Amino acid sequence: MSLQAPSVTALRFPPILWHAPLRDPTGYAEEARHFLFALHAYGAPIAAREIRWNDRVAGLPPHQEQLLQQLLLKPPHPRSVYVLHILGSHLRPAPDARASIGRTMFETDRLPPGWAEACNRMDAVWVPSAFNRETFAFAGVKPEKLRVVPGLIDLDQYNPQGPPLALPSDHGFHFLAVFDWSLRKGWDVLIAAFVEEFRPDEDVALLLRVHSSLGYTVPQIYAQIENFLVKELGRDPARIPDILLLDKSLSASELLALYRAADCYVLPTRGEGWGRPFMEAMAMERPTIATGWSGMTAFMNAENSLLIDYTLQEVSEKAAAEIPTFRGHRWAEPSRAHLRQLMRRVFEDRQFGKELGAKARAYLETYFSPAAVVEILHRELLPFVEG
């Protein structure tokens, strides 16, 4: 079935209360802000409440900060549709809500204990893709509760033109990955493919913009990289192409400048609920390389991206020790050899990369713009409009 780009006309919405980690710098929070701002722009009577995960705060542009504050202070309607945008284990219906909807996602082929039961307490569960509709149903979530509501991106906020971020590198080509440091993200596959494919004297560098919700310090991350290079790859860290770790906090405008400074976005993740940084890189017209499995395949395909071959494998004991909820699950194991081929292709054929990046942004504009996704939200919320 081919996708059709909708045309949003006058829409009627019930009152909505959106409860999410709205100030956090994570992908969950960025997605929630996009939903919130888009619904407000299209006239939905919406208020917001904040969940605090940690002390980190996203550096929003002033106009977004002002609007977010306005919506957080707005009194909710006493009979709102309650949308709880959070990890599935925390889903709880709201007393007296017109309806309680969970917005959540997961990265593997199944769910952790307790997720299905929590999801089934809600009136509906919005998952971002057919991938999670299948994995949630497999785990025991009632299929009739599952609805696919994709993430959206406001391309007006993502201008590919403009100044790039000043980098601690003068190389002519930069691969970029932005991620939370864990084995799920495939950093080991990425580093192995990079140092095996490129010589130290080639004009190329790998930029890793990382943070750690698992509590790894920067010295610990450096130590993991060095240990992997030496003990698992048998490489001398002084005789590899440059790998640069960027760990400082970036504002929203600085993150966009970082994407502009990159020539290709690449991350051989083992599984994503959605994969928002892939979407952001595509919005910035960067050629984007990702594993061909899980959430991001909702918006990445062979026409607009480069998808890495993979096999499905049980989560390794090392990864399960890092995040125990993954123990016994399966996820993708990306092909290191195929990743090497894709990285080499983009490095060698710069024009191909530019054309691929332009196709990626155009695809997002057609199918994942605020207008496109607000119409899906309207369809899901319309049954709760009274009168």
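Higher on the page you've got the structure.
Asker: Help me get a handle on the side chain of Asn132, residues and values and all.
Answerer: Inspection of the secondary structure assignment puts Asn132 in helix α4 (residues 130–138). Of the residues examined, Asn132 reaches a relative accessible area of 0% and is grouped as buried. A distance of 3.0 Å separates a polar atom in the side chain of Asn132 from the backbone oxygen of Phe106. Not counting residues within four places of it along the chain, the set of residues in contact with Asn132 comprises Met105, Phe106, Val127, Ala137 and Gly273.

Asker: Describe helix α2 (residues 62–73), listing the residues and the values that go with them.
Answerer: For α2, with 12 residues, the first-to-last C-alpha span of 17 Å sits near the 16 Å given by 1.5 Å per residue. All buried positions along α2 are accounted for by Gln64, Leu67, Leu68, Leu71 and Leu72. Looking down the long axis of α2, one finds its buried residues gathered within 135 degrees of arc, a one-sided arrangement. Across α2 from its buried face, at more than 90 degrees, point the exposed residues Pro62, His63, Gln66 and Leu73. As for α2, its buried residues are in contact with α1 (27–41) and β2 (46–50).

Asker: Now, about the sheet that holds β2: what can you tell me, with residues and values included?
Answerer: Read from one edge of the open sheet, six strands run β2-β1-β3-β4-β5-β6, paired in parallel fashion. If you trace the sheet from one side to the other, it starts and ends with β2 and β6 (146–148), each paired once. Sheet twist, expressed as the mean angle between neighbouring strand axes with direction ignored, is 25 degrees. As judged from the three bridges shared by strand β5 (residues 124–127) and β6, these two strands associate in the parallel manner.

Asker: Tell me about the environment of His171, and please be specific about residues and values.
Answerer: Note on placement: His171 falls in the loop between β6 and β7 (174–180). For the pair His171 and Leu250, spaced 79 residues apart in the sequence, the C-alpha separation amounts to 21 Å. Not counting residues up to four positions away in its chain, the partners in contact with His171 are Glu202, Asp203, Val204, Ala205 and Asp242. At a separation of 2.7 Å, a polar atom in the side chain of His171 contacts the side chain of Asp242.

Asker: Can you explain the sheet that holds strand β12 (residues 306–308)? Please cite residues and give values.
Answerer: Spatially, six strands are ordered β9-β8-β7-β10-β11-β12 in an open sheet, and the strand pairing comes out parallel. Bordering the open sheet on either side are β9 (242–246) and β12, each of which pairs with just one other strand. Neighbouring strand axes in the sheet, compared pairwise and without regard to direction, differ in orientation by 25 degrees on average. Direction of pairing for β7 relative to strand β8 (residues 205–211): parallel, over a ladder of seven bridges. Paired with Ala177 across the strands is Leu208, a residue of β8. Across the face of the sheet, helix α7 (residues 252–261) comes into contact with β7, β8, β9 and β10 (264–267) while running at roughly 145 degrees to β7.

Calculation rules
Residues numbered from 1 in each chain as written. Predicted model: local features only at pLDDT ≥ 70, side-chain atom pairs only at ≥ 80, totals over all residues. Heavy atoms only, no water. Helix = DSSP H or I, 4+ residues; strand = E, 2+ residues; numbered from the N terminus. Buried < 20%, exposed > 50% of the residue type's maximum accessible area, 1.4 Å probe, protein only. Polar contact = N/O pair within 3.5 Å; in protein donor to acceptor, adjacent residues only side chain to side chain. Contact = heavy atoms within 4.5 Å. Expected span 1.5 Å × (residues − 1). Arc of directions from axis to C-beta. Pairing = 2+ DSSP bridges. Axes fitted to C-alpha atoms, helices over the stretch in contact; angles between N-to-C directions.

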